[in-house]
Structure formats: C-alpha cells, structure tokens
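For reference, the chains in residue letters:
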Amino acid sequence: MTGRVPSREPLTTANKALRELQEWLRDQCNRTRQGYRTLAEQVGCHATTLQRAASGETVPKLQTVLNYAGAYDASPEEARRLCVGL
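Residues numbered from 1 in each chain as written. Predicted model: local features only at pLDDT ≥ 70, side-chain atom pairs only at ≥ 80, totals over all residues. Heavy atoms only, no water.

### Comments concerning helix H5 (residues 76–84)
Inclusion rule: Under the scheme applied here, a residue whose accessible area is under 20% of the maximum for its type counts as buried, over 50% as exposed, and between as partly exposed, the area being computed with a 1.4 Å probe on protein chains only. Numbering of helices and strands runs from the N terminus; a helix is a DSSP stretch of H or I covering at least four residues, while a strand is a stretch of E covering at least two. Our arc is simply the arc of the directions from the helix axis toward the C-beta atoms. Any two residues having at least one pair of non-hydrogen atoms within 4.5 Å are treated as being in contact.
Among the residues of H5, Ala79, Leu82 and Cys83 are the ones counted as buried. Within H5, the buried residues cover an arc of 100 degrees as seen down the axis, which keeps them to one side. Across from the buried face of H5, at angles greater than 90 degrees, the exposed residues are Glu77 and Val84. Buried residues along H5 sit against helix H1 (16–32) and helix H4 (62–71).

Written as structure tokens, this is what we have:
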C-alpha cells in the first residue's frame with residue numbers, strides 16, 4: 001500500500017486549511033505518479049509518514065511538507081504558505 005500514489009478518497013476534515021494542504025500534497029504525488037515508497041527513499045523518511053501526511057487525518061510537520069515539495073520539484077514557498085494556517 002505504501003508504494004502506491006494517494007487514493008482520491010474524499011478528505012474528511014472540516015478544517016479548510018488542512019484540506020487545502022492535503023489536496024496540494026496529493027496533487028504533487030499524482031502529478032508525477034510516484035508512490036510513497038519512492039518519495040520516502042528520495043527524502044530519507046518512512047513511506048507511512050508521507051501517507052499519513054496526505055491522508056487528511058493528521059496535521060503533518062512542516063519538514064514533511066517540505067520533503068514533498070523537494071522531492072516533487074514543487075514550490076517550498078507554497079508548502080510553507082499552506083502550513084502557516086494550521
């Protein structure tokens with residue numbers, strides 16, 4: 001399961017800022033079609049950490065979000081902006 005790209009299951013959080021962040025995280029992964037395992041190897045963390053971050057069930061650490069941005073060649077500024085409201 002951790003090697004797959006994120007599912008498109010609906011996010012259940014009522015927190016608008018968290019929902020926006022989770023959608024952005026999923027979009028980064030889906031854009032490149034790389035799974036959590038591949039990303040985890042690139043950034044040096046566990047695939048489960050990345051999966052949880054994109055699940056919408058928890059608030060990820062800023063460093064995890066920055067890891068996504070770095071691995072997917074996405075904007076670290078956008079990653080920080082999305083984390084500010086949490």
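Read on for the rest.
### Topic: the pattern of salt bridges
Selection rule: The salt bridge definition used is simple: a Lys or Arg side-chain nitrogen within 4 Å of an Asp or Glu carboxyl oxygen.
Using the criterion set out here, one finds two salt bridges in the structure. The partner of Glu78 in a salt bridge is Arg81, and the shortest N-O contact between them spans 2.8 Å. On the criterion of helical spacing, the pair formed by Glu78 and Arg81 is a turn pair, its members being three residues apart in helix H5. Salt bridges sharing partners connect three or more residues here, namely Glu20, Glu78 and Arg81.

### Describing H4
Counting buried positions along H4 gives seven out of ten residues, so the element sits mostly inside the fold. The set of residues buried in H4 consists of Thr64, Val65, Leu66, Asn67, Tyr68, Ala69 and Ala71. For H4, the elements touching its buried residues are H1, helix H2 (36–43), helix H3 (47–55) and H5. Asp73, located one to two residues past H4, shows a positive phi value of around 55 degrees.

### Overview of the nonpolar core
Here is the rule: The set of buried Ala, Val, Leu, Ile, Met, Phe, Trp, Tyr and Cys residues whose side-chain atoms join them within 4.5 Å is what this entry labels a nonpolar core.
One finds Leu21, Trp24, Leu25, Val65 and Tyr68 to be the most contacted residues of the largest nonpolar core, which totals 21 residues. Mapped onto this core, the elements with two or more residues apiece are H1, H2, H3, H4 and H5. Take this core: its biggest share by element is five residues, from H4. Ignoring sequence-local partners within four residues, the contact set of Tyr68 consists of Leu25, Tyr36, Leu39, Leu50, Gln51, Ala53 and Ala54.

### Details of the environment of Lys16
Following the sequence through the fold, Lys16 ends up in helix H1. Lys16 sits in the exposed class, given a relative accessible area of 72%. Separated by 70 residues in sequence, Lys16 and Leu86 place their C-alpha atoms 9.4 Å apart.

### Some words on unusual backbone geometry
With glycine set apart, most residues show a phi of negative sign, and most peptide bonds adopt trans. The phi dihedral of Arg33 is positive, around 60 degrees, even though this residue is not glycine. Relative to the elements of secondary structure, Arg33 occurs in the loop between H1 and H2. One non-glycine residue, Asp73, lies in positive phi territory at about 55 degrees. Mapped onto the elements, Asp73 comes out in the loop between H4 and H5. Judged by its relative accessible area of 72%, Asp73 falls in the exposed class.

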